[in-house]
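Summary of the model geometry
Listed below are the residues making up each chain.
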Amino acid sequence: KNATETSKVRVEQIQIRRERASKKPVKPEEAIREGPDVDDEEGRYRNVIERDYGDWGVYSPTGAQISAQEVQGVLLLTDVYGAFSDDMEALAEKIAFECQPVVVMVPDLFRGHPWKEDPENPGFNSRGENYEQWRATHSDHRVSIDIRAAAATLRERYGVSSIAVFGTCYGGGRALEVASGW
């Protein structure tokens, strides 16, 4: 074997060991946690229900048991108004409700600073930046890394069997990049 094949085998063995170590069975009632995250000063994540689709699976509102192999993931990439706009939250909830069993993740691509036009100063945000200046503060490379991290979280933490990427406006362009293998 050459060095490349040997390193690939070693990486695969490490990944398998990590996967086995992280697959500790969790009962659904133990996996549900309500309330704000510890580091959630702004209260954005309050009353979030986390589910672990582990060995027991969980029961959907219809009463059908869901196994880990059946759970799909949707990575919903937002427009410039960010992950916490009313429209984006409504879209995420609609996808989650209509497409069960599915885990919908909406990553905050703008890290808490989405575009919001200042009503008193049209064309600028509250920091006095125009759209292009604001956009320059969010590099394409960093956003791509955040998208990859979100996809990895869906796979590792929620154990989804596949991920669909869906985007609106700005997020639609990023979704096309993902689909092309960016």
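In this text, all values refer to a predicted model and were calculated from it rather than measured experimentally.

1. A closer look at the sheet that holds strand β4 (residues 102–105)
Strand order in the open sheet formed by three strands is β4-β3-β5, with parallel pairing between adjacent strands. Sheet topology places β4 and β5 (162–167) at the edges, where each strand pairs with a single neighbour. Each neighbouring strand pair of the sheet contributes to a mean axis angle of 20 degrees, computed without reference to strand direction. Sheet topology note: the strand β3 (residues 72–77)/β4 ladder contains four bridges and is parallel. Bridged to Val 74 within β4 is Val 104. Here helix α6 (residues 170–179) sits on the sheet and contacts β3 and β5; the angle it forms with β5, its principal contact strand, is near 140 degrees.

2. What to know about the confidence of the model for the chain
Residues with a pLDDT of 70 or more make up 68% of the chain, whose mean pLDDT is 77. Of all helices and strands in the chain, the one with the weakest mean pLDDT is strand β1 (residues 58–59) (41), whereas helix α4 (residues 131–136) scores best (93). Note on residues 46–67: pLDDT under 50 across the span, and 49 contacts to partners over four residues away in sequence or across chains.

3. Brief notes about the packing of aromatic side chains
Inspection of the entire model under this criterion finds five aromatic pairs. When the centroid spacing of 5.6 Å and the interplanar angle of 40 degrees are considered together, the rings of Tyr 131 and Trp 134 count as tilted. Taken together, the residues Tyr 131 and Trp 134, both in helix α4 and three residues apart, mark about one turn of the helix. Given a relative accessible area of 30%, Tyr 131 falls into the partly exposed group. In this structure an aromatic cluster arises from ring pairing among Phe 110, Trp 115, Tyr 131, Trp 134 and Tyr 170.

4. Focus: the environment of Phe 124
Take Phe 124: it is sitting in the loop between β4 and α4. Residues Phe 124 and Trp 134, spaced ten residues apart in sequence, show a C-alpha to C-alpha distance of 8.9 Å. Look past the residues within four positions of Phe 124 in its chain and what remains in contact with it is Trp 115, Lys 116, Glu 117, Asp 118, Glu 129 and Asn 130.

5. Quick look at a negative patch on the surface
Where like charges cluster on the molecular surface, the negative patch consists of Asp 86, Asp 87, Glu 89 and Glu 93. Relative to the elements of secondary structure, Glu 93 occurs in helix α3 (residues 86–98).

6. A look at the nonpolar core
Among the nonpolar cores identified, the biggest contains 19 residues, and Leu 75, Leu 109, Ile 147 and Leu 154 are the most heavily contacted of them. With sequence-adjacent residues up to four places away left out, Leu 75 is seen in contact with Met 105, Pro 107, Ile 147, Ala 150, Ala 151, Leu 154, Ile 163, Ala 164, Val 165 and Phe 166.

7. Observations concerning α6
Taken residue by residue, α6 has Tyr 170, Gly 171, Gly 172, Arg 174, Ala 175 and Val 178 as its buried positions. In the core, the buried residues of α6 are packed alongside β3, α4, α5 (140–158) and β5. Gly 181, located one to two residues past α6, shows a positive phi value of around 90 degrees.

8. Here's the deal with the pattern of salt bridges
Pairing between side chains of opposite charge can happen when the charged atoms of each approach one another. Per the stated rule, a full pass over the model turns up six salt bridges. A salt bridge links Lys 94 to Glu 98; the nearest nitrogen and oxygen atoms lie 3.7 Å apart. Taken together, the positions of Lys 94 and Glu 98, both in helix α3 and four residues apart, correspond to about one turn of that helix. With relative accessibility at 53%, the residue Lys 94 sits in the exposed group.

Cut-offs and rules
- Residues numbered from 1 in each chain as written.
- Predicted model: local features only at pLDDT ≥ 70, side-chain atom pairs only at ≥ 80, totals over all residues.
- Heavy atoms only, no water.
- Pairing = 2+ DSSP bridges.
- Helix = DSSP H or I, 4+ residues; strand = E, 2+ residues; numbered from the N terminus.
- Axes fitted to C-alpha atoms, helices over the stretch in contact; angles between N-to-C directions.
- Contact = heavy atoms within 4.5 Å.
- pLDDT = per-residue confidence, 0-100.
- Phe/Tyr/Trp six-rings, centres within 6.5 Å; stacked < 30°, edge-to-face > 60°.
- Buried < 20%, exposed > 50% of the residue type's maximum accessible area, 1.4 Å probe, protein only.
- Patch = residues over 30% accessible without salt bridge, like charges linked within 9 Å, V, L, I, M, F, W, Y side chains within 5 Å.
- Areas by Shrake-Rupley, 256 points an atom, 1.4 Å probe, with all protein chains shown as cover.
- Salt bridge = Lys/Arg side-chain N within 4 Å of Asp/Glu carboxyl O.
- Lys, Arg positive; Asp, Glu negative; His and termini not counted.
- Charge placed at Lys NZ, Arg CZ, Asp CG, Glu CD.
- Core = buried A, V, L, I, M, F, W, Y, C linked by side-chain atoms within 4.5 Å.

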